[in-house]
Amino acid sequence: FGATSATVTNNLLDAPVWQRDGASGTVSGNVTDAAQDWFVDSTAADLHLLPAAIGAIDAAPPSHWVTDDFDAHFRPIGDAADVGAHEYGSSDPVPPSGFRDVPPGHLFEGDVTWLAANQITRGCNPPTNDLYCPKLPVTREQMATFLVRALALPSTGHNAFSDTDDSVHRADIETLGAAGITRGCNPPTNDRFCPTTPVTRGAMAAFLVRSLHLADHGGDNRFVDDDGSIFETDIGRLAASGATRGCNPPANDRYCPDQAVTRAEMAAFLRRALG
């Protein structure tokens, strides 16, 4: 034990962790006051969590090398991973949305369900694909695939961008470029697409305006924070179409053009624009 070093982290315990016999180690993230009513049936070794386990659910710090739980179910499901062996809700039936992290009552449940029903999204954790990851930002390469599926654009041999060779979305990016929906990310040259860059709300407006050929209906200018934005015209056209309502409800007089679009927000944009 004197030569032992261990890392003890993110465990559910009913007592503190103690050092013994000269061993050293790192102890962090453990919950040491777990109770029997936190588990389905602790006496039968069923340690799946119940709602009473509020001290464990979404309480584990991020870890890039822990991607599933004891049942080999993907984690996290909520805002963060759960402390302990089992991710809360991982064994529950998949909700109507098709994704465990978009349960009934979720703010964007209808939008994500629509997106999945129309085969525009397949999930964010292949090959299982039972998660949607609603809070993650949408990247430009992901946006290309969403739009190509949504618009049923035919594939093309177009090859306009120099930075897409390693992207799994390359074919969709090139298809989007050939359709004139994207022009690149480094004007005026525009020979790069910046596939992993998050899509801003301003860029989202431009994508949708070009996708749907939205016209200028009187220069809609309802937002106070897009003056001077290179996307101001696109934002106005998108607002006039009803595809966006703003970013500060209920006033909705701001658009937040530089804010990254989450996957959940993207679902709402597409449903309003295309549904």
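In this text, all values refer to a predicted model and were calculated from it rather than measured experimentally.

A. Seen up close, the packing of aromatic side chains. Under the counting rule described, the total for this entry stands at three aromatic pairs. When the ring of Phe 161 is compared with that of Phe 193, the centres are 5.5 Å apart and the planes differ by 50°; the resulting orientation is tilted. Of this pair, Phe 161 sits in the loop between α2 (140-151) and α3 (170-178) while Phe 193 sits in the loop between α3 and α4 (201-212); the two residues are 32 residues apart in sequence, bridging distant segments of the chain. Summarising the aromatic geometry, the rings of Phe 223 and Tyr 255 are spaced 5.4 Å apart at their centres and angled 45° between planes, so their arrangement reads as tilted. Of this pair, Phe 223 sits in the loop between α4 and α5 (232-241) while Tyr 255 sits in the loop between α5 and α6 (263-274), and the two are 32 residues apart along the sequence. The same class applies to Phe 223 and to Tyr 255, which are both buried. Above the plane of the ring of Phe 193 lies Arg 140, whose end atom (NZ or CZ) is 4.4 Å from the centre. Positioned above the aromatic ring of Tyr 255, the side-chain terminus of Arg 201 is 4.5 Å from the ring centre.

B. Quick peek at the state of the cysteines. Per the stated rule, a full pass over the model turns up three disulfides. Each sulfur of the disulfide joining Cys 185 and Cys 194 lies 2.0 Å from the other. Its torsion about the S-S bond being 65°, the disulfide of Cys 185 and Cys 194 is classed as right-handed. A relative accessible area of 15% places Cys 194 in the buried class. Covalently, Cys 247 is tied to Cys 256 through a disulfide, its sulfur atoms 2.0 Å apart. Given an S-S torsion of about 65°, the disulfide between Cys 247 and Cys 256 has right-handed geometry. Numbered by order of appearance in the sequence, the disulfide-linked cysteines of the chain pair as 1-2, 3-4, 5-6.

C. Broad picture of the environment of Pro 61. Mapping Pro 61 onto the fold places it in the loop between β4 (46-49) and α1 (109-117). Classification of Pro 61 by relative accessible area gives partly exposed; the value is 44%. When the C-alpha atoms of Pro 61 and Asp 37 are compared, they prove to be 23 Å apart, with 24 residues separating the residues in sequence.

D. Representation of the confidence of the model for the chain within the structure. Overall, the predicted model of the chain reaches an average pLDDT of 89, with 98% of residues at or above 70. Least confident of the elements in the chain is strand β1 (residues 5-9), whose mean pLDDT is 87; most confident is α1, at 95.

E. Representation of the side chain of Glu 87 within the structure. Summarising the element assignment, Glu 87 is placed in the loop between β4 and α1. Judged by its relative accessible area of 2%, Glu 87 falls in the buried class. Side-chain polar atoms of Glu 87 contact the side chain of Arg 75, separated by 3.1 Å. Here Ile 77 takes part through its backbone nitrogen, which lies 3.0 Å from a polar atom of the side chain of Glu 87. Apart from the residues lying within four places of it in its own chain, the contact partners of Glu 87 are Asp 69, Phe 74, Arg 75, Pro 76, Ile 77, Gly 78, Ala 80, Ala 81 and Asp 82.

F. Quick peek at the nonpolar core. If you look at the biggest cluster of nonpolar residues, it comprises 42 residues, and the most contacted ones within it are Leu 115, Met 143, Met 204, Leu 238, Met 266 and Leu 270. Of the residues forming this core, the biggest block, seven residues, is contributed by α4. For Met 204, the residues in contact, after removing those within four places along its chain, are Met 143, Val 199, Val 261, Met 266, Phe 269 and Leu 270. Residues Leu 12, Trp 38, Ala 53 and Ala 60 belong to the second largest nonpolar core, which totals eleven residues.

Rules used in this analysis
Residues numbered from 1 in each chain as written. Predicted model: local features only at pLDDT ≥ 70, side-chain atom pairs only at ≥ 80, totals over all residues. Heavy atoms only, no water. Phe/Tyr/Trp six-rings, centres within 6.5 Å; stacked < 30°, edge-to-face > 60°. Helix = DSSP H or I, 4+ residues; strand = E, 2+ residues; numbered from the N terminus. Buried < 20%, exposed > 50% of the residue type's maximum accessible area, 1.4 Å probe, protein only. Lys NZ or Arg CZ within 6 Å of the ring centre and 35° of its normal. Disulfide = S-S within 2.5 Å. pLDDT = per-residue confidence, 0-100. Polar contact = N/O pair within 3.5 Å; in protein donor to acceptor, adjacent residues only side chain to side chain. Contact = heavy atoms within 4.5 Å. Core = buried A, V, L, I, M, F, W, Y, C linked by side-chain atoms within 4.5 Å.

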